[in-house]
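Structural characterization, general
Listed below, chain by chain, are the residues.
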Amino acid sequence: EIMLGSRVLWRGRQLTLSWRLLQGGAIKSAYRNTAACAFSAKATPPERLSSEELSSHLSEMSEWKMASDKEAICRTLIFEDFVEAWGFMNSVALCAEKANHHPEWFNVYNKVEITLNTHDCVPPGISKKDIKLAREIDILASKLKA
């Protein structure tokens, strides 16, 4: 019997079992990788990066580009197949949930397109939350060699 909040070992990773109540009273279980991400959510509202700060960060992150249609950064990744792309998206989802900062993304077979911006900024734009998540995404992608 596994109790709520129990730590379990799966494929060499320590996970915590949690439960969420969904609309209509249905219950969904979720496994959270307790060591997957390098950050946790903070309560303070994020500040929008200046043009100089953004340029500096983007110069260090060659795979990320400015989105053409809004103030956001984006990256396209190509994987071996759908399963590898989906597994990557699951890893990113765990990090995004822990950071309480969720990407916009699009997936077709082995291709994943990710767009990051911070809606909490006034006006919405790119913040340190986006840069931090982008760097975490880069680490996860490098492990899969995407």
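Focus: the overall build of the chain
- Looking only at helices and strands, the chain has three helices and seven strands in total.
- In sequence order, the chain lays out its α and β elements as β-β-β-α-β-β-α-β-β-α.
- When burial is assessed residue by residue, the chain has 32% of its 146 residues classed as buried.
- Pairs at least 24 residues apart make up 55% of the contacts formed inside the chain by residues separated by at least 6 positions.
- Element-wise, carbon and sulfur atoms account for 54% of the exposed surface of the chain, whose accessible area totals about 9,400 Å².

Some points on the environment of Lys65
- By the secondary structure assignment, Lys65 is in strand E4 (residues 65-66).
- Linking Lys65 and Thr76, residues 11 residues apart in sequence, is a C-alpha distance of 9.5 Å.
- In this structure Lys65 touches Ala72, Ile73 and Cys74, once residues within four positions along its chain are discounted.
- In this structure the side chain of Lys65 is engaged in a polar contact, spanning 2.7 Å, whose partner is the backbone oxygen of Ser62.

Quick word on helix H2 (residues 82-99)
- With 18 residues, H2 should cover 26 Å at 1.5 Å per step; its first-to-last C-alpha distance of 25 Å lies within 8% of that length.
- When H2 is considered as a whole, its buried residues turn out to be Ala85, Phe88, Met89, Val92, Cys95, Ala96 and Ala99. End-on view of H2: buried residues confined to an arc of 125 degrees, all on one side of the axis.
- Remark: Asn100 follows H2 within two positions and exhibits a positive phi of approximately 55 degrees.

As for the packing of aromatic side chains
- Tallying each qualifying case throughout the model produces two aromatic pairs.
- Look at Phe79 and Phe88: their rings are 4.9 Å apart centre to centre, the planes differ by 40 degrees, and that puts the pair in the tilted class. Comparing Phe79 with Phe88 shows no difference in burial state: the two are buried.

Notes on the nonpolar core
- One finds Trp64, Ile73, Phe88, Ile114, Leu116 and Ile137 to be the most contacted residues of the largest nonpolar core, which totals 24 residues.
- For this core, the secondary-structure elements that each account for two or more residues are helix H1 (51-60), strand E5 (73-78), H2, strand E7 (111-116) and helix H3 (128-144).
- Aside from chain neighbours lying at most four places away, what touches Phe88 is Leu77, Phe79, Val112, Ile114, Ile137, Leu140, Ala141 and Leu144.

Points about the sheet that holds strand E6 (residues 104-108)
- Strand order across the open sheet formed by four strands is E4-E5-E7-E6, with antiparallel pairing between neighbours. With one partner strand each, in any of the chains shown, E4 and E6 form the two edges of the open sheet.
- Bridge count for E4 against E5 is two bridges, and the pairing is antiparallel. Bridged to Met66 within E5 is Ile73.

A few points about a nonpolar patch on the surface
- A cluster of nonpolar side chains, contributed by Phe82, Val83, Trp86, Phe106, Val108 and Tyr109, occupies part of the molecular surface with about 650 Å² of accessible area.
- Of all the secondary structure elements, the ones that give two or more residues to the nonpolar patch are H2 and E6.
- A total of three residues in the nonpolar patch trace back to one element, the largest contributor, which is H2.
- For Trp86, the position within the fold is in helix H2.
- Owing to a relative accessible area of 43%, Trp86 belongs among the partly exposed residues under this scheme.

About the cut-offs
Residues numbered from 1 in each chain as written. Predicted model: local features only at pLDDT ≥ 70, side-chain atom pairs only at ≥ 80, totals over all residues. Heavy atoms only, no water. Helix = DSSP H or I, 4+ residues; strand = E, 2+ residues; numbered from the N terminus. Buried < 20%, exposed > 50% of the residue type's maximum accessible area, 1.4 Å probe, protein only. Contact = heavy atoms within 4.5 Å. Areas by Shrake-Rupley, 256 points an atom, 1.4 Å probe, with all protein chains shown as cover. Polar contact = N/O pair within 3.5 Å; in protein donor to acceptor, adjacent residues only side chain to side chain. Expected span 1.5 Å × (residues − 1). Arc of directions from axis to C-beta. Phe/Tyr/Trp six-rings, centres within 6.5 Å; stacked < 30°, edge-to-face > 60°. Core = buried A, V, L, I, M, F, W, Y, C linked by side-chain atoms within 4.5 Å. Pairing = 2+ DSSP bridges. Patch = residues over 30% accessible without salt bridge, like charges linked within 9 Å, V, L, I, M, F, W, Y side chains within 5 Å. Salt bridge = Lys/Arg side-chain N within 4 Å of Asp/Glu carboxyl O.

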